[in-house]
Amino acid sequence: MRIKKRIFIGLLALSLLFLIIVLLLGWYLVVNPSSFFNRMLLFLGLITLAALFLVIALGIVSIILIILQGRSQPLFQHLGLLAINILFPIALVLGKRFGIKKDTIKASFIELNNQIVRIQGLIVKPEKILLLAPHCLQWSGCPHKITIDIYNCRRCGRCCIDSLHSVAEKYGTRLAVATGGTLARQFVKKYKPEAVVAIACERDLTSGIRDTQPLPVLGVLNQRPNGPCLNTQVNLNQVEKAIQHFMYGKNVSFNQSQNTEYKVSSGM
Ligand code: SF4
């Protein structure tokens, strides 16, 4: 299934509509007060909500403008990110009400994030790019502790960690493998990258992208032929295109739906 950015943008707009309804309801209560205290309380609440509403509305318009114009300006981008962060939980709840799976909404958010990052057109030195992979890519029977030190990998070729080493060597980027969000954040703190190419599932990528903002992160979804968190795989073509994008600023498209996944050579 092709992942569409418009799912997330639509849910953002719906969340905004939800806020407008709350605002109108509050206004109705202000003009029909039961006591002076209630009236003041509601009035202050409404002022806060109106300011929030304005920021969010500007943020959504900014995101749409960035995508339509294919150009990014720092102010638009900050407003857009702010709106996304405020509305994200509401969008998830609304999506559930409409029967849209959480993973679909998160994948849509990742696509939107990737497009905004690509539009920025940053050029980053390879050594300032961190290629961050999840631990579940490692073959489950491998005895080597690669999260402590990625060079503990013996490069036997039984899982795609070997190929990720090759990709990191080819471009000269840093490579790290994390067991979860905490370790991933530690790697970001330690290496201080200017850009991150992150591989993970919808849940971890979404939280990682949101946690590290405004650091530019291009997310690549892993593939789970054996179920979640076990011997997962990744489309190396997408990983390379993400790295190339940061290095050369090329407008390389790597929609997550491209089905040219990496296959391990043996052992699984
Ligand atoms: S390539 Fe081989 S040694 Fe390296 S992590 Fe995978 S299974 Fe372990």
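Residues numbered from 1 in each chain as written. Predicted model: local features only at pLDDT ≥ 70, side-chain atom pairs only at ≥ 80, totals over all residues.

Undergrad: Any chance you could explain helix 3 (residues 74-97) here in plain terms?
TA: Residues separated by three or four positions in an α-helix point in the same direction, a consequence of the helix having 3.6 residues per turn. Here helix 3 spans 34 Å end to end across 24 residues, near enough to the 34 Å set by a 1.5 Å rise per residue. At L87, helix 3 is bent by approximately 45°, the largest bend along its length, and proline P89 sits one to four residues beyond. Looking one or two places after helix 3, you find G99, whose phi comes out positive at around 75°. (Helix = DSSP H or I, 4+ residues; strand = E, 2+ residues; numbered from the N terminus. Expected span 1.5 Å × (residues − 1). Bend = angle between axes of the 7 residues up to and from the residue.)

Undergrad: Would you take a moment to explain the site of the ligand for this structure?
TA: Neighbouring the ligand are 14 residues; C142, C153, C156, C159 and D162 lie closest to it. In terms of residue class, the shell around the ligand is made up of seven nonpolar, three polar and four charged. (Near = placed C-beta within 6 Å. Nonpolar A, V, L, I, M, F, W, Y, C, P; charged D, E, K, R; others polar.)

Undergrad: Please clarify how the packing of helix 3 against helix 4 (residues 102-120) should be interpreted in this entry.
TA: Two packed helices can be described by the angle between their axes and the distance between those axes. Taken N-terminus to C-terminus, the directions of helix 3 and helix 4 make an angle of 170°; their axes are 11 Å apart at the nearest point. Between helix 3 and helix 4, the interaxial angle falls into the category roughly antiparallel. On the side of helix 3, the interface is formed by Q77, G80, A91, L92 and G95, while helix 4 contributes K102, I105 and I116. Partitioning the contact of helix 3 with helix 4 into residue classes produces four nonpolar, three polar and one charged. (Axes fitted to C-alpha atoms, helices over the stretch in contact; angles between N-to-C directions. Parallel < 35°, antiparallel > 145°, perpendicular 65-115°, else oblique. Contact = placed C-beta atoms within 7 Å.)

Undergrad: Got a minute to help me understand helix 5 (residues 161-171) in this structure?
TA: Of all the residues in helix 5, the buried ones are I161, L164 and A168. Along the axis of helix 5, the buried residues cluster in a sector spanning 55°; they form a single face. In helix 5, the exposed positions angled more than 90 degrees off the buried face are occupied by S166, E169 and K170. The secondary structure elements touched by the buried residues of helix 5 are strand 1 (129-134) and strand 2 (174-178). (Buried ≥ 20, exposed ≤ 12 C-beta atoms within 10 Å, placed from the backbone. Arc of directions from axis to C-beta.)

Undergrad: For this particular structure, what's the right way to read the sheet that holds strand 2?
TA: One open sheet accounts for four strands, arranged 2-1-3-4; its pairing is parallel. Sheet topology places strand 2 and strand 4 (217-221) at the edges, where each strand pairs with a single neighbour. Between one strand and the next, the sheet's axes are offset by a mean angle of 20°, whatever the strand orientation. In the sheet, strand 3 (residues 195-200) pairs with strand 4 via five bridges, with the strands oriented parallel. Each residue of the ladder has a partner; that of I199, found in strand 4, is V220. Along the sheet, helix 5 makes contact with strand 1 and strand 2, crossing strand 2 at roughly 155°. (Pairing = 2+ DSSP bridges.)

Undergrad: Teacher, can you tell me more about the confidence of the model for the chain here?
TA: Where the model shows low pLDDT, its predicted coordinates should not be examined in detail. For the chain, per-residue confidence averages 85 on the pLDDT scale, and residues scoring 70 or more make up 90% of the total. Low confidence marks residues 257-268, where pLDDT is under 50. Its contacts with residues over four positions away, or in another chain, come to 26 contacts. (pLDDT = per-residue confidence, 0-100.)

Undergrad: Mind showing me how you'd approach the pairing of strand 3 here?
TA: Regular strands show a simple pattern: their side chains alternate between the two faces of the sheet. The buried fraction of strand 3 is high, at six of six residues. Burial of strand 3 is two-sided: the residues A195, V197 and I199 facing one way and the residues V196, A198 and A200 facing the other way are all buried. Bridge analysis of strand 1 against strand 3 gives four bridges, and the strand direction is parallel. In the strand pairing of strand 3, L130 is matched with V196. Chirality of the crossover, the property in question, places the unit of strand 3, helix 7 (residues 202-212) and strand 4 among those that are right-handed. (Right-handed = clockwise from strand over helix to strand, strands pointing away.)

Undergrad: What is the right way to read the pairing of strand 1 from this model?
TA: Among the six residues that make up strand 1, six are buried, leaving the element largely enclosed by the rest of the structure. On strand 1, burial covers both faces: I129, L131 and A133 on one face and L130, L132 and P134 on the other are all buried. Pairing of strand 1 with strand 2 involves five bridges; the strand directions are parallel. Bridge pairing in strand 2 places L131 opposite L175.

Undergrad: Help me understand the packing of helix 4 against helix 7 in this model?
TA: Close contact between helix 4 and helix 7 brings their axes to 9 Å; oriented N to C, the two are set at 45°. One element, helix 4, and the other, helix 7, form an angle in the oblique class. Pair helix 4 / helix 7 crosses with left-handed handedness. Taken together, the residues of helix 7 that come into contact with helix 4 (itself represented by D103, K106, A107, F109, I110 and N113) are E202, R203, L205, T206 and I209. A per-class count over the contact of helix 4 with helix 7 returns five nonpolar, two polar and four charged. (Left-handed = near helix turned anticlockwise from the far one by under 90°.)

Undergrad: Sorry if this is basic, but what is going on with the nonpolar core here?
TA: Side chains of a nonpolar character, in soluble globular proteins, are inclined to be buried together. With 58 residues, the main nonpolar core has L131, L132 and V197 as its most contacted residues. Here the element with the most residues in this core is helix 4; it accounts for seven residues. Built from parts of two domains, this core gets at least three residues from each of domain 1 (5-119) and domain 2 (121-248). Setting aside residues up to four positions removed in sequence, L131 forms contacts with L164, A168, T173, R174, L175, V197 and I243. (Core = buried A, V, L, I, M, F, W, Y, C linked by C-beta atoms within 7 Å. Domains from an automatic or database assignment.)

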